[in-house]
Every structure is written in structure tokens, then in C-alpha cells.
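Notes for the structure review
Residue strings, one per chain:
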Amino acid sequence: LGEINWIPFALMIAGGIAGIAIMLGRHSTGWAEIVISATCAVLATGLLANPVASLTAAGGALDTAQDYGGQIAAAVVSDDINNTTLDSENMLSAAVSSQLVDIFVKIPAQTIAFGHALEGACASTFTETMTSSAPINTGGNEVRDAVGACDEAAKTYNQNPNFGQVATAVTMTPGALALFLLPMAFGVLFLVTVIGFLIAALKTMWNVYIGILPINRYPLWKSLADTFMGLVAIVFMAVVMAAVLKLTVAIITGLSGLGIPVVAQMGFATLVMCVLVFMLVRAKRMAKKAGRSMAEQ
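So, here is what we can say about the structure in this document.

The rules behind these values
Numbering of residues starts from 1 in each chain and follows the order in which that chain's sequence is written. Given that this is a predicted model, residues contribute local features only at a pLDDT of at least 70 and side-chain atom pairs are listed and counted only at 80 or more, while totals for whole chains, interfaces and linings are drawn from all residues. With hydrogens and water set aside, each side-chain value is computed from the structure's full complement of heavy atoms. Among buried residues, those of type Ala, Val, Leu, Ile, Met, Phe, Trp, Tyr and Cys that are joined through side-chain atoms within 4.5 Å constitute a nonpolar core. Categorising residues by exposure relies on relative accessible area from a 1.4 Å probe, with only protein chains included: less than 20% of the type maximum marks a residue as buried, more than 50% marks it as exposed, and the intermediate range marks it as partly exposed. Numbered from the N terminus, helices here are DSSP runs of H or I no shorter than four residues, and strands are runs of E no shorter than two. For this analysis, residues touch if any pair of their heavy atoms sits within 4.5 Å. When the sulfur atoms of two cysteines come within 2.5 Å, that pair is taken as a disulfide. One less than the number of residues in a helix, times 1.5 Å, gives the span that helix is expected to have. In this description, one arc is meant: the one made by directions from the helix axis to the C-beta atoms. The salt bridge definition used is simple: a Lys or Arg side-chain nitrogen within 4 Å of an Asp or Glu carboxyl oxygen. Between the N-to-C directions of two axes lies an angle of 0 to 180 degrees, each axis being a line fitted to C-alpha atoms and, for a helix, fitted only over the stretch in contact. Relative orientations are named as follows: roughly parallel for angles under 35 degrees, roughly antiparallel for angles over 145 degrees, roughly perpendicular for angles from 65 to 115 degrees, and oblique for any other angle. The handedness criterion is simple: a crossing whose near helix is rotated anticlockwise from the far helix by less than a right angle is left-handed, and one whose near helix is rotated clockwise is right-handed. Just so you know the grouping, Ala, Val, Leu, Ile, Met, Phe, Trp, Tyr, Cys and Pro go in nonpolar, Asp, Glu, Lys and Arg go in charged, and all remaining residues, Gly too, go in polar. Here the aromatic set is Phe, Tyr and Trp, taking the six-membered ring for Trp, and pairing holds for ring centres within 6.5 Å; pairs whose planes are under 30 degrees apart are stacked, those over 60 apart are edge-to-face, and all others are tilted. In this scheme, patches are assembled from residues that exceed 30% relative accessible area and form no salt bridge. Like charges are connected within 9 Å, while nonpolar side chains (Val, Leu, Ile, Met, Phe, Trp, Tyr) are connected within 5 Å. Computed with a 1.4 Å probe, the accessible areas rest on the Shrake-Rupley method; for each residue, only the protein chains presented here act as cover.

Regarding the nonpolar core
Within the largest apolar cluster, 38 residues are counted, with the highest numbers of intra-cluster contacts made by Phe104, Phe186, Phe197, Leu245 and Leu280. For this core, the secondary structure elements donating two or more residues are α4 (61–77), α5 (88–114), α9 (163–210), α10 (218–257) and α11 (262–296). With sequence-adjacent residues up to four places away left out, Phe186 is seen in contact with Met241, Leu245, Leu276 and Leu280. Listed in part, the 12 residues of the second largest apolar core include Trp6, Ile7, Ala44 and Val208.

Quick word on the state of the cysteines
Considering all chains together, one arrives at 1 disulfide under this definition. Covalent S-S linkage joins Cys122 and Cys150, the inter-sulfur distance amounting to 2.1 Å. Taking the sign of the torsion about the S-S bond as the criterion, the disulfide between Cys122 and Cys150, at about 70°, is right-handed. Note that Cys122 is positioned in helix α6 (residues 120–132) and Cys150 in helix α7 (residues 142–150), a separation of 28 residues in sequence. Judged by its relative accessible area of 5%, Cys122 is buried.

Overview of α6
Between its first and last C-alpha, α6 extends 19 Å over 13 residues, near the 18 Å set by a 1.5 Å rise per residue. Looking only at α6, the buried set comprises Cys122, Ala123, Phe126 and Thr129. Down the axis, α6 shows its buried residues gathered within 135° of arc, on one side only. Facing away from the buried side of α6 by more than 90 degrees, the exposed set consists of Gly120, Ala121, Glu128, Thr131 and Ser132.

Some words on the side chain of Gln110
Residue placement: Gln110 occurs in helix α5. If sequence neighbours within four positions are ignored, Gln110 has contacts with Gly115, His116, Ala117, Leu118 and Phe126.

Digging into the pattern of salt bridges
Two side chains bearing opposite charge may form a pair once their charged atoms approach each other closely. Enumeration according to the criterion identifies 2 salt bridges in this entry. Of the charged contacts in the structure, one is a salt bridge between Arg217 and Glu33, with a shortest N-O distance of 2.9 Å. With Arg217 in the loop between α9 and α10 and Glu33 in helix α2 (residues 27–45), the pair connects residues that are 184 residues apart, well separated along the chain. Owing to a relative accessible area of 7%, Arg217 belongs among the buried residues under this scheme.

Some words on the packing of α10 against α11
One can describe the packing of α10 onto α11 by two numbers: an axis separation of 7 Å at closest approach and a directional angle of 160°. Overall, the two elements α10 and α11 adopt an arrangement that is roughly antiparallel. The two elements α10 and α11 cross, and the hand of that crossing is right-handed. Looking at side-chain class alone, the contact of α10 with α11 contains 27 nonpolar, 4 polar and 6 charged residues.

Thoughts on the packing of aromatic side chains
Under the criterion given, the structure shown has 2 aromatic pairs. Relative to Phe9, the ring of Trp6 lies with its centre 6.0 Å away and its plane at 55°, an arrangement referred to as tilted. With Trp6 and Phe9 both in helix α1 (residues 6–23) and 3 residues apart, the pair spans about one turn of that helix. According to the relative accessible area criterion, Trp6 is buried, its value standing at 16%. Among the residues examined, Phe9 registers a relative accessible area of 41% and is labelled partly exposed.

Looking at the packing of α7 against helix α8 (residues 152–159)
Following both chains from N to C, one finds α7 and α8 inclined at 135°, their axes separated by 5 Å at the closest point. The angle between α7 and α8 falls in the class oblique. Note on element contacts: α8 touches α7 through Glu152, Ala154, Lys155 and Asn158, opposite Arg144, Val147, Gly148 and Cys150. Of the residues in the contact of α7 with α8, the class split is 3 nonpolar, 2 polar and 3 charged.

Brief notes about a nonpolar patch on the surface
There is a patch of nonpolar side chains on the surface, built from Phe9, Met12, Ile13, Ile17, Ile20 and Leu24 and spanning about 590 Å² of accessible area. The residue Leu24 is located in the loop between α1 and α2 in this model. We classify Leu24 as exposed; its relative accessible area is 65%.

Rendered as C-alpha cells:
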């Protein structure tokens, strides 16, 4: 476009059309066309010359959106509302991720193997033995023996296998599967969002050149809105994800305190995970719809 002197050519056409409009008494329309065309020309050689590079550069808009989303999400899951120096990565891990592993993996494993969730010193023994034993050792009995030594009921349950243990394992499998699929769903949603706003940025780079002409500039406003709302969606989705996961942990903890069976807790938690994915998809669509509405205005 630089080789064919597109910008001077497009500005000449815009100036001519705007001049005719002013001569016909349509002063606001004519001057508006001049201002918008000149602004597009400046943006085409400046901020929007390579928007993808600007967005993805170190400290750029994408990094900023990720930082804001992480900080707000950390504030949502933090129990200390006065803490102003939140470490978003460690905070999310400590406040949500580790507890989700307990809910979806650790407690179900104890329930299947020993008939109930372990408590107190026996729970600590289970964790320490599981951590120190080999990850793949089908013939080892270290965990079973360690727990049996501190919990007689667990020892009796483990030494007398029955069909109920199989049924319990089957009913709890969807919960563990949900925990496995959830990060994949999050990853896909965030990846689609990032790719979407980068494609919108590419469209903006082209549309801003076309926008120098006195034509309908809706494609330019739409691509700009899609780019901006894509960044907003990244922040919003991170906050929604953290909030719902934190709420899930709180509810499951409350159900456990009321003596609700673990199988029922797992079913509820799985349902919440499905609702969360639906909410994230809906949040992404709402952000895009808001951007399109803004572009139309």
C-alpha cells in the first residue's frame, strides 16, 4: 500500500467528497469525514500499523489483560481482603487448585479404598505415604498398611472387598474426569479468545486503510470492538473461573461438614463444573455481543 501511495490517494478522495459536502451546506458531515479520514491515516502508519505485534509484545495489551485478570482473580479467592500484594499464581494454586485436587481426587480415593474420608493423624499418614511411595507400584501395600495401622474401620473395609466398592468407584469417576477435562476446556476457551482477538487485530490493520475513504466504516469499528472486547473477555473469564471454583470449594466444604455423602458431593461438584464451562462460554459471547453493539453505535 505504501508503494502505490494509497494513503495520499485515499485522503485526496476523502477531502474532495468532504469539500463537496461542505459546499452543499452539510458542514458537520464534511468536517467529520475529514477528521475521521485523517485519524485513520495517522493510525494506519502508527498504532495500527502492526497491531498484532503491539498487542503481543512484552508488556503489551495481552500481558496487561493477563495481569489484571490474575490479580482480580487472586483478590476474589483471597481470604485476606486487605492484602495489596497478591501473588496471583501462587494464590490461585493455594486457594483453589490444591483444594480441588482434594475434592476430586484425594477424598474419593480414600472413600473407595477405605470406605470413608480419613481424618486427623490418619489423613496425614495417608498423604505422607502416598507422597513417598512409588507412583506406579501395583503390588505395593505401603498406603494400605499405614492407614490400617491407625484406622481399624478403614483396615476392615479394605480387607473385605465387595461390589459396593466397585459401585462407589463408578459413581465417583465422573468427578475425577471433570477435573481432568476442566483445564482442557479452560485452555480451549482462552485459546479461542486470544486467536479471535488477534484475527480481529489483523482485520483492523486492513480496515483502517479502507477507512480513510469516505465509506461505511462499520467493518473498522467492528474489528476494533472485537479486539478490545477480546481483551476484556480474557479478564472477565479469569475472574469468573476463579470465583466459581472458590465457591465450589466453599460449598463442598460446607456439605462435608453437614455429613452429606461423598458420592453426593462429587455429583454436585461435577454439575458445578459443567455450569462453569457454560458460564465461561456465555461470558465470551456476551463480551463479543457487547462489542458488536458498541461498533454499531
